[in-house]
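Residue-level structure breakdown
Each chain is listed here by its residues.
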Amino acid sequence: MKITAADVIVTSPDRNFVTLRITTDEGISGLGDGTLNGRELSVASYLADHVVPLLIGRDPHRIEDTWQFLYRSAYWRRGPVTMAAIAAVDVALWDIKAKAAGMPLYQLLGGASRNGIMAYGHASGRDLPELFDSIRRHLELGYRSIRVQTSVPGIDAVYGVAAQPSVDGKRYDYEPAQRTALPAEEDWDTRAYLRHLPGVFEAVRNEFGPELPLLHDGHHRMTPIQAAKLGKALEPYDLFWLEDCTPAENQEALRLVRQHTTTPLAIGEVFNTVWDYQTLIREQLIDYVRSAVTHTGGITAMRKLLDHAAQYQIKSGIHGPTDISPVGMAAALHLDLAIHNFGIQEYMQHGAATNEVFRQSFTFADGYLHPGESPGLGVELDEEAAARFPYQAAYLPFNRLKDGTVHDW
């Protein structure tokens, strides 16, 4: 079998997606997700201009060899654009291999290690009544674990709160990247956030009881000592995890956080290789790996990363917002089902237009996801539908402190 074609498809149903379709001389095609939120065209160009010419004529079954070739032959390694492009190729090749075998992909990864994949949803509100309503809606949808994000008095806009105003007039439910010429400016005050948040979780626990798993995303906005303070303050409310409490490019910073709190920590959605985790995993400074298959070199790389984490009893918590396409989501689900050290899967449901472009076999019922039994990934691209949604420039917001300093968003 040989690769005869590789096409880069950029489409924007609900939001922008970059999809790679690889076709073989036996008529089998595979899909990979190369979406990088706010920098989609960079990956599309990297694929079309630099990677696709290298794929023609290669044996699609040689997945490990192709991965190493794309990673090492460029000389310039790592980085979000490179790793998203490699991920797109890797996932497409796994899709082809599983289709050729006539099996769902998880079977080639060792078979199922569980019956279903526990998912968490995103609840938010501008005040407690609105937050409680959002949690109840997610429980009615079947979610059994809930991420809680809330507005903070004195701050106009906070990441993850769906009903806030945005510059393009749309809600944040599906995608905070706003279709504007320039990124929107938001404000931030860490001290106000630290004062407000523990009371929110106290109220949520009082309303919904001790059994419901609750998660929270700090979105890299705290210094290590601030993160330690918050983790300690949230201990009475028994969080499933506190995510991205501080920018973890400085891996040693998590030592300080660990010294002060037993709240479980999840890190890594902005990471793109195992090298980003070396200290965090070796010193057991986190409890969950948050990387996305799409941004971390694909299934091949993520499987190795999670097997390494398993030696230290660290579990998976694969990134799964709506800026991961259904192709990338399906890849995550097949991996979730197969690995032993699965923890939880983030799951934001895509909009109707996205579901029209990407036909999916994975399911969500009673709080659990399953990738389905279709051969390969179980996702097919409707190219006619994709063509109706051309690319639109969109940017994530950014933050400034009250004195005008640019801060982490």
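Residues numbered from 1 in each chain as written. Predicted model: local features only at pLDDT ≥ 70, side-chain atom pairs only at ≥ 80, totals over all residues. Heavy atoms only, no water.

The name an unreviewed UniProt entry assigns to the protein chain is D-galactonate dehydratase family protein, from the organism Nonomuraea mesophila.

1. A word on the pairing of strand E1 (residues 3-11)
Stated precisely, the cut-off is as follows: For two strands to pair, DSSP has to find at least two bridges joining them. Each helix is a run of DSSP H or I of at least 4 residues and each strand a run of E of at least 2, with the numbering of both proceeding from the N terminus.
Of the strand pairs in this sheet, E1 and strand E2 (residues 17-24) are connected by eight bridges, and their pairing is antiparallel. Each residue of the ladder has a partner; that of Val 8, found in E2, is Leu 20. The turn linking E1 back onto E2 is made up of five residues, and Asp 14 within it adopts a positive phi angle of 70°.

2. Structural notes on the nonpolar core
Going by this rule: Note on terminology: a nonpolar core comprises buried Ala, Val, Leu, Ile, Met, Phe, Trp, Tyr and Cys residues joined through side-chain atoms within 4.5 Å. Relative accessibility thresholds used throughout: buried, under 20% of the residue-type maximum; exposed, over 50%; partly exposed, between the two (1.4 Å probe, protein chains only). For every domain, the bounds stem from an assignment made automatically or drawn from a database. Pairs of residues are marked as contacts when any of their non-hydrogen atoms sit within 4.5 Å.
Counting 119 residues, the largest nonpolar core has Ile 22, Leu 47, Val 89, Leu 280, Val 293, Ile 299 and Leu 335 as its most contacted members. In terms of residue count, helix H3 (residues 80-101) provides more of this core than any other element does, 12 residues in total. Taken domain by domain, this core gets at least three of its residues from each of domain 1 (3-108) and domain 2 (110-374). When near neighbours in sequence (up to four residues on either side) are disregarded, Leu 47 contacts Val 8, Val 18, Leu 20, Val 52, Pro 53, Ala 85, Ala 88 and Val 89.

3. Notes on the sheet that holds strand E6 (residues 185-187)
Read across the sheet, three strands follow the order E6-E17-E18 without closing on themselves; strand pairing throughout is mixed. Each edge of the open sheet carries a strand with a single partner, namely E6 and strand E18 (406-407). Relative to E18, strand E17 (residues 398-400) runs antiparallel, the two sharing two bridges. Following the sheet pairing, Arg 400 is matched in E18 by Val 406.

4. Concerning helix H11 (residues 326-338)
Owing to its 3.6 residues per turn, the α-helix aligns residues three or four sequence positions apart on the same side. Quick note on the threshold: Each residue after the first adds 1.5 Å to the expected span of a helix.
Under the 1.5 Å per step criterion, the end-to-end length of H11 is 19 Å for 13 residues, consistent within 8% with the ideal 18 Å. Counting buried positions over the 13 residues of H11 gives 13, a clear majority of the element.

5. Quick word on the pattern of salt bridges
What counts is decided by this rule: Salt bridges are defined as contacts in which a side-chain nitrogen from Lys or Arg sits within 4 Å of a carboxyl oxygen from Asp or Glu.
All chains considered together, the criterion is met by 24 salt bridges. When the shortest N-O distance is used, the salt bridge between Arg 21 and Glu 383 registers 2.6 Å. Of the two residues, Arg 21 sits in strand E2 while Glu 383 sits in helix H13 (residues 383-387), which places them 362 residues apart along the sequence. Judged by relative accessible area, which is 18%, Arg 21 ranks as buried. A relative accessible area of 40% means that Glu 383 is categorised as partly exposed. Asp 287 is the salt-bridge partner of Arg 258, the closest N and O atoms lying 2.9 Å from each other. Taken together, the residues span a long stretch of sequence, with Arg 258 in helix H8 (residues 253-260) and Asp 287 in the loop between helix H9 (278-282) and strand E10 (288-289) at a distance of 29 residues. Beyond isolated ion pairs, a larger network of salt bridges with shared partners links Glu 243, Glu 269, Arg 290 and Glu 346.

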